[in-house]
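# A look at the structure
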Amino acid sequence: MPRSALLAAPSPSPLPASAPPAAGAVPAAAPTPLWMLAGLGVVASAFIGAACWMSGHLHADAALQTAARFVHVAALVVGLGSVLAVDWFALLWVSGRRPLADTLSTACALQVPIWGGLTGLVVSGLFLRPDLGSPLTLVKLGLVLAVMVNGLYAHRLGQLLERRRTPEVPHEVPRGLLVRSGIAAAVSQTGWWGATVIGFLNSQS
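Predicted model only: the values in this text are computed from it and were never measured.

### Quick notes on the nonpolar core
- Within the largest apolar cluster, 20 residues are counted, with the highest numbers of intra-cluster contacts made by Ile48, Leu118, Val122, Val144, Met148 and Trp192.
- Those elements that place two or more of their residues in this core are α1 (34-55), α2 (62-94), α4 (111-125), α5 (135-162) and α6 (175-204).
- Aside from chain neighbours lying at most four places away, what touches Ile48 is Val122, Leu141, Val144, Leu145 and Met148.
- In terms of nonpolar packing, the next biggest core, distinct from the first, is built from nine residues, Leu100, Leu157, Leu161 and Leu177 among them.

Rendered as structure tokens:
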């Protein structure tokens with residue numbers, strides 16, 4: 001989500017002289033290449049796979065499991081809370097109550113807690129003896145991976161939105177970019193809340 005969607009990008013830098021910004025846009029760095037995002041997606045998949053393998057070889061005692069549960073919940077609060085904040089500012093922008101610049105600045109500031117929350121969930125989960133034979137657990141892992149990959153894509157969308165930081169209303173942003181950002185936000189929310197619900201159900205079994 002983890003990046004939720006409508007995520008911000010690095011500070012703008014001048015475009016080449018041969019590519020002047022369009023009306024309503026501001027100079028910004030070129031978006032991250034898709035091949036690089038794909039490579040990071042592979043790294044995220046390997047990270048999840050390594051975590052699953054390690055979870056079957058770690059034998060945490062009761063005290064360590066208790067600590068891991070606390071970290072797991074704290075990481076969820078930090079990550080999901082940050083995602084909700086970004087998406088809330090995005091909704092305020094869509095409703096015309098906040099400028100796009102506010103959403104982008106908020107998303108940029110919350111990148112660290114969002115990704116930190118995701119990392120904390122995965123690492124702390126190593127010590128919670130996840131049942132990898134459970135369909136629900138596998139779905140949860142799939143949702144976490146989806147949130148990570150979606151977050152990478154949302155980062156690119158944020159870079160594209162950064163080029164149009166000045167518009168006050170959504171209709172000044174290309175429709176296709178708005179639609180893709182909305183889909184990324186929906187995927188982020190579905191992934192975070194789905195993983196949360198499954199985690200709760202697993203804790204009751």
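### What about the UniProt feature "transmembrane region" (unreviewed entry) in the protein?
- Under the UniProt annotation, the feature "transmembrane region" (unreviewed entry) is placed at residues 34-58, 70-94 and 136-155.
- A distance of 36 Å separates the end C-alpha atoms of residues 34-58, which is 88% helix and 0% strand.

### Some remarks on a nonpolar patch on the surface
- Taken together, the side chains of Leu136, Val197, Phe200 and Leu201 make up a nonpolar region of the molecular surface, amounting to roughly 360 Å² of accessible area.
- The element contributing the most residues to the nonpolar patch is α6, with three residues.
- Given a relative accessible area of 45%, Val197 falls into the partly exposed group.

### Some remarks on the packing of α2 against α4
- Put simply, α2 and α4 touch, their axes get as near as 8 Å, and they point 155° apart. Comparing their axes, α4 and α2 come out roughly antiparallel. Every pair of crossing elements has a handedness; the one defined by α2 and α4 is left-handed. Contacts from Ala68, Val71, His72, Ala75, Leu76, Val78, Gly79, Ser82, Val83 and Val86 in α2 reach Pro113, Ile114, Gly117, Gly120, Leu121, Ser124 and Gly125 in α4.

Calculation notes
Residues numbered from 1 in each chain as written. Predicted model: local features only at pLDDT ≥ 70, side-chain atom pairs only at ≥ 80, totals over all residues. Heavy atoms only, no water. Core = buried A, V, L, I, M, F, W, Y, C linked by side-chain atoms within 4.5 Å. Buried < 20%, exposed > 50% of the residue type's maximum accessible area, 1.4 Å probe, protein only. Helix = DSSP H or I, 4+ residues; strand = E, 2+ residues; numbered from the N terminus. Contact = heavy atoms within 4.5 Å. UniProt positions renumbered as here; feature names shortened; annotations may be inferred. Patch = residues over 30% accessible without salt bridge, like charges linked within 9 Å, V, L, I, M, F, W, Y side chains within 5 Å. Areas by Shrake-Rupley, 256 points an atom, 1.4 Å probe, with all protein chains shown as cover. Salt bridge = Lys/Arg side-chain N within 4 Å of Asp/Glu carboxyl O. Axes fitted to C-alpha atoms, helices over the stretch in contact; angles between N-to-C directions. Parallel < 35°, antiparallel > 145°, perpendicular 65-115°, else oblique. Left-handed = near helix turned anticlockwise from the far one by under 90°.

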